[in-house]
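Summary of structural features
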Amino acid sequence: MTQEVLLYPDRQALVEAALALVVERILTAVNERQTCTIALSGGSTPQPLYAALAHADLPWQQIQIFWGDERYVPATHPDSNYGMTKRVWLDLVPIPAANIHPMPTDFAQPQLAAEDYERQIVADFGLEAGSIPIFDIILLGMGDDGHTASLFPHTAALSVVDRLITTGDKDGQPRLTFTFPLINTAHSVIFLISGMSKQPALAEIFAPTGDAAAYPARGVKPQGELLWLLDADAGAKLAIDK
Ligand code: 6PG
């Protein structure tokens, strides 16, 4: 794993840098492998990035879009990560519908949806069951508590190592999430983190030792590259070479 922490003066600069990095990595993947598989994070931080990607000149036919986690609500629900991304980005670009792979949220139980998405991903990558797909890009955010995707502190999801997708829960709202084995197999994992409220968790995550159960983002150690894109508010307490 190669890791790099990149600090930006404000959220706008963070988004502009993220746009350039994501576009570059999409084009590299398509040039090298004729396709790019990207898993998106939810929440508010990436939304301006997604809106900016709607204006990017990209080989949409060769881009496959997945989600790294999802709230277990219909796509029309205001909390839906898929619904947000569709509204600000995917409805505005000529990407084939078959290239968009939302997490299913219409099974009676979230566990059944997790199992279905796992089957879908393995099939979409043309792999045998039991294989771990290698995503070109996985975008992640981080909560104030140090969670990432829907891998929340001190939850069973953190220990799932024999599945690609599992379930979680946030304040009673069921979630679907990539597991660490799937995240950590990626070519490139990019965190986008903005705001002062993230400072305490980042300090714990960048501490030489710490508890990954308490701060799950510590568990993200991809075999490829790990980029942390932080604005100054989020990264102020980190001793980063300026
Ligand atoms: C989600 C996410 C989650 C998010 C963090 C940060 O579905 O909410 O994927 O992991 O990235 O909670 O959210 P903000 O970007 O809104 O701070």
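See the structure shown above.
This section reports on the structure supplied with the text. None of the values given here were measured: they were computed from a predicted structure.

1. Topic: helix α4 (residues 110-124)
- With 15 residues, α4 should cover 21 Å at 1.5 Å per step; its first-to-last C-alpha distance of 21 Å lies within 8% of that length.
- Those residues of α4 not exposed but buried are P110, A113, A114, D116, Y117, E118, I121 and V122.
- Positioned one or two residues after α4, G126 has a phi angle of 70°, which is positive.

2. As for the side chain of T177
- Secondary-structure assignment places T177 in strand β8 (residues 173-178).
- A relative accessible area of 0% places T177 in the buried class.
- Within polar-contact distance, the side chain of T177 engages the backbone nitrogen of S150 at 3.1 Å.
- In contact with T177, not counting residues within four places along its chain, are G68, D69, M103, A149, S150, L151, L164, I165 and T166.

3. As for the sheet that holds β8
- Spatially, three strands are ordered β4-β8-β7 in an open sheet, and the strand pairing comes out antiparallel. In this open sheet, the two edge strands, each paired with only one partner strand, are β4 (69-71) and β7 (165-170). Here the average twist between neighbouring strands, direction ignored, is 25°.
- Helix-sheet contacts for α4 involve β7 and β8, and the interaxial angle to β7 is about 140°.

4. Here we look at helix α3 (residues 81-88)
- Of all eight residues in α3, six are buried, a share of seventy percent or more.
- Lining the buried residues of α3 we find β2 (36-40), α2 (47-53), β3 (63-67), β4 and β5 (100-101).

Thresholds applied
- Residues numbered from 1 in each chain as written.
- Predicted model: local features only at pLDDT ≥ 70, side-chain atom pairs only at ≥ 80, totals over all residues.
- Heavy atoms only, no water.
- Helix = DSSP H or I, 4+ residues; strand = E, 2+ residues; numbered from the N terminus.
- Expected span 1.5 Å × (residues − 1).
- Buried < 20%, exposed > 50% of the residue type's maximum accessible area, 1.4 Å probe, protein only.
- Polar contact = N/O pair within 3.5 Å; in protein donor to acceptor, adjacent residues only side chain to side chain.
- Contact = heavy atoms within 4.5 Å.
- Pairing = 2+ DSSP bridges.
- Axes fitted to C-alpha atoms, helices over the stretch in contact; angles between N-to-C directions.

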